[in-house]
Amino acid sequence: MVGRFLLYLAVFTASYAVKAELYVFPAPSPEATSHTLNTEITLYEEQTLSAIEQKNIDLLIKDTYQTLDKSNATSALSEINQRYEGTLPAWLYSAIKRCEDWFNRTEGNISCRNGALYDYWAEYVQGKHDLSRREVRRLARVARIAEVNFNDHNSVAFASPIQWDLSEFTASLAADRIANYLTSINIRSYHISAQGLETHASNQGFSWQGTVAQEAVIQNGRATDAVSNPSTIAFIRPWQRPVLSTSKLASLEKGVLSHSDGWPSAKFQAISVADNAFEAMLLAHFSATKTAQQAMGLVNANPSLALKLIDENGRVFTSNTYTARTSGKNKAEKNGHAISIDITLPLFDIADYRGPYVSVWISDEKNRLVKSLALRGTSERWLGELRTWWRRVGRKNEGLVDGFAGATKKNAPLHIEWDGLDDFGQSANSSSLILHVEVAREHGGRSYEKIPFTFDSLTSPITVTGTDEIASITLSLMN
C-alpha cells in the first residue's frame, strides 16, 4: 500500500476563520484493522454529519476494502478473478474501466491487471522463492497483452493471464466514494485524508497549495478566483517506500512497482493533482517510475491534471498547470515571471530522417545553471553531441539523463512554459538570464543559440531566427 504519509491541514489564515468538524473512520478500537484506519473527514462552514450519515460512511469504507480484498474468496474482485468474467458493483466497474483507459493512454505503463505479479512479489517477501527479474517481466507482459471486453450492465470478460488487483488504489477509491456521498447529502466543503492520500474539494471556492518541505497541504483561505471543482492531491515518496508490504512483512526493496516490467523504480517523489482521488493516485504511480519528460508530456496534454516531481537531489519539475491548480492563482504569472518558449525545428526532405537531440536550459550571466527545461534523447553517446549542454550541464548533473531525458520526436516543435523558478523550486533571482537551445541530429548537423533576456525585456516577444537545425525561437511573457 501507499506509504503512510498523512498530509495534515494547517490552520486557516487569520483573516478568515472557519469552524471545522473532524470525523475519523472507523472510530479507533482494538478490533479495528490497521488498513482501514486513518480515514479522516473535515467539514467546514458549521456543517455536521448525523449519526446515520456517519454510519453510512463507515459502511462505505468497509465495503470498499472488503470488495477489493483478494484474500477473501467471496469478494467481488476475487470472484471475477476466479471466473475471468462477471458483473461488478457500478463503482468497481467504473474504476476498472478508468484504469483501462489509463492503461491505453500510457501504453501499459499504468495497469490494474497485475494481480499475479503482486502475488509473486508477496510470495517472495514471505520467503517462498527467490526473485527473478525474468519472471516478473514475463508476468507483467502476459497481463499486458491479454484482452479485456466491457459489456452492458457492468459486466467484464477477460483472458486468464489477467488478475485484477486494485490494492494500491483502495484508499483513493474509498475517498472518491466518500466524496460522492458527501455531495449527495449536500455537504458543501470538505477535506478527506486517507493513508497518504489527501483530498480537498469544495464548491465554495476554497484553495489549497502543496508544500513538499512540510509534507502538507496548507489551507490558505478563501480565494475568489479558485477553481470550484473538486480536486485531489496524491503524494508518493518512492525511495522510502517498500515495493510491497503486508501486515507482517515488508520487502527490503524500495520504490514503486513499474506496471510495465514488474520491477521497482524510484525516480521521483510525485505530487499529483486530478479531479478525483483515483486518477491522482494513478498519475502518482506512473510519474514515480518514469522520466520527468514522459510524465510531463502526459500531464501537459491533459488540462485536468497537474504534477510536481522532486528527485533525490531536490531538483524540481512542475507541469504547466501545477501552480495554478494548487494555489488558486498562478503567482508567477501575477508577478510577470512566467515565460512561454516556442522552438520550431526545420523540416528536412530526407528518407531516413531521425529525430534530433535537443537541450533547452536557462543560465545566469555567468553560465551557472538556473533551470533545465527540456532534454530530448536518452542515448548518452548522442547526448554528448550536444556539446555545449554536455560541457556546462550534462556531465555535472548525470541524474538529468536518467530522470529527465525523453525520447526524440522527429521535428516536432517544443512549447515550454517556465514559471520563473530554478531547478530547486526557488525564484530565479538573477536580473540577467540566458536561454540556451542546442540541437544535434544523427547524420545531420548541430546548432546552438543563446538569447540573453530579463523579465522586464519581455514586454514584447523576442524572436530569433536560427540556422541549420533550429528554425526559430520565441520568448514571451504569459498572460
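Residues numbered from 1 in each chain as written. Predicted model: local features only at pLDDT ≥ 70, side-chain atom pairs only at ≥ 80, totals over all residues. Heavy atoms only, no water.

## Here's the deal with the packing of helix α4 (residues 115–125) against helix α5 (residues 133–145)
Phase 1: Across the interface, α4 lies against α5 with an axial gap of 8 Å and an inter-helix angle of 155°. Here α4 lies roughly antiparallel to α5, going by the angle between them. Residues Ala 116, Leu 117, Tyr 120 and Trp 121 of α4 form the contact with α5, whose own contacting residues are Glu 135, Val 136, Leu 139 and Ala 140.
Phase 2: A breakdown of the residues in the contact of α4 with α5 according to their chemical character gives seven nonpolar, no polar and one charged. (Axes fitted to C-alpha atoms, helices over the stretch in contact; angles between N-to-C directions. Helix = DSSP H or I, 4+ residues; strand = E, 2+ residues; numbered from the N terminus. Parallel < 35°, antiparallel > 145°, perpendicular 65-115°, else oblique. Contact = heavy atoms within 4.5 Å. Nonpolar A, V, L, I, M, F, W, Y, C, P; charged D, E, K, R; others polar.)

## Remarks on unusual backbone geometry
Phase 1: Even without a glycine there, the phi angle at Tyr 84 is positive, about 65°.
Phase 2: Structurally, Tyr 84 is set in the loop between α2 (76–83) and β3 (85–87).
Phase 3: The residue Asp 468 is not glycine, and still its phi comes out positive at about 55°.
Phase 4: Following the sequence through the fold, Asp 468 ends up in the loop between β22 (462–465) and β23 (472–477).

## What to know about the nonpolar core
Phase 1: Residues Leu 92, Trp 164, Leu 166, Phe 278 and Leu 309 are the most contacted members of the largest nonpolar core, which totals 55 residues.
Phase 2: Here the element with the most residues in this core is helix α7 (residues 277–289); it accounts for eight residues.
Phase 3: In this structure Leu 166 touches Leu 68, Leu 77, Leu 92, Ala 95, Ile 96, Cys 112, Leu 173 and Phe 278, once residues within four positions along its chain are discounted.
Phase 4: Core analysis: the second largest hydrophobic core is formed by 25 residues, Val 360, Leu 373, Leu 414 and Phe 453 among them. (Core = buried A, V, L, I, M, F, W, Y, C linked by side-chain atoms within 4.5 Å. Buried < 20%, exposed > 50% of the residue type's maximum accessible area, 1.4 Å probe, protein only.)

## Details of the sheet that holds strand β16 (residues 339–344)
Phase 1: What the four strands build is an open sheet, ordered β19-β16-β23-β22; its pairing is antiparallel. For this open sheet the edge positions go to β19 (414–418) and β22, each flanked by a neighbour on one side alone. Sheet twist, expressed as the average angle between the axes of neighbouring strands with direction ignored, equals 10°.
Phase 2: Examined bridge by bridge, β22 and β23 share four bridges and lie antiparallel to one another. (Pairing = 2+ DSSP bridges.)

## A few points about the packing of helix α3 (residues 90–105) against α7
Phase 1: Close contact between α3 and α7 brings their axes to 11 Å; oriented N to C, the two are set at 35°. In this structure, α3 meets α7 at a crossing whose hand is right-handed. Residues Ala 95, Arg 98, Cys 99 and Trp 102 of α3 pack against Phe 278, Glu 279, Leu 282 and Leu 283 of α7.
Phase 2: Looking at the contact of α3 with α7, its residues break down into six nonpolar, no polar and two charged. (Left-handed = near helix turned anticlockwise from the far one by under 90°.)

## Focus on α7
Residues that lie three or four places apart on an α-helix share one face, since the helix turns once every 3.6 residues.
Phase 1: The terminal C-alpha atoms of α7, which comprises 13 residues, lie 19 Å apart, in line with the 18 Å expected from a rise of 1.5 Å per residue.
Phase 2: Here α7 lies mainly inside the structure; 13 of its 13 residues are buried.
Phase 3: Looking at where α7 begins, the residue whose side-chain oxygen comes 3.4 Å from the main-chain nitrogen of Phe 278 is Asn 276. (Expected span 1.5 Å × (residues − 1). Polar contact = N/O pair within 3.5 Å; in protein donor to acceptor, adjacent residues only side chain to side chain.)

## Digging into the environment of Asn 81
Phase 1: Checked against the element boundaries, Asn 81 lands in helix α2.
Phase 2: Judged by relative accessible area, which is 5%, Asn 81 ranks as buried.
Phase 3: Along the primary structure Asn 81 and Phe 158 are separated by 77 residues, whereas in three dimensions their C-alpha atoms are 9.2 Å apart.
Phase 4: When neighbours within four sequence positions are excluded, Asn 81 is seen to be in contact with Lys 70, Phe 158, Gln 163 and Trp 164.
Phase 5: In terms of polar contacts, Asn 81 uses its side chain to reach the backbone amide nitrogen of Trp 164, at 2.8 Å.

## Let's talk about the pattern of salt bridges
Phase 1: What the rule picks out here adds up to 14 salt bridges.
Phase 2: A salt bridge links Glu 100 to Arg 113, with the shortest nitrogen-to-oxygen separation between them at 2.8 Å. Here Glu 100, found in helix α3, pairs with Arg 113, found in the loop between α3 and α4; they are 13 residues apart in sequence, far enough to count as distant.
Phase 3: The exposure class of Arg 113 is buried, given its relative accessible area of 4%.
Phase 4: With a closest N to O distance of 3.7 Å, Glu 385 and Arg 387 form a salt bridge.
Phase 5: The exposure class of Glu 385 is partly exposed, given its relative accessible area of 30%. (Salt bridge = Lys/Arg side-chain N within 4 Å of Asp/Glu carboxyl O.)

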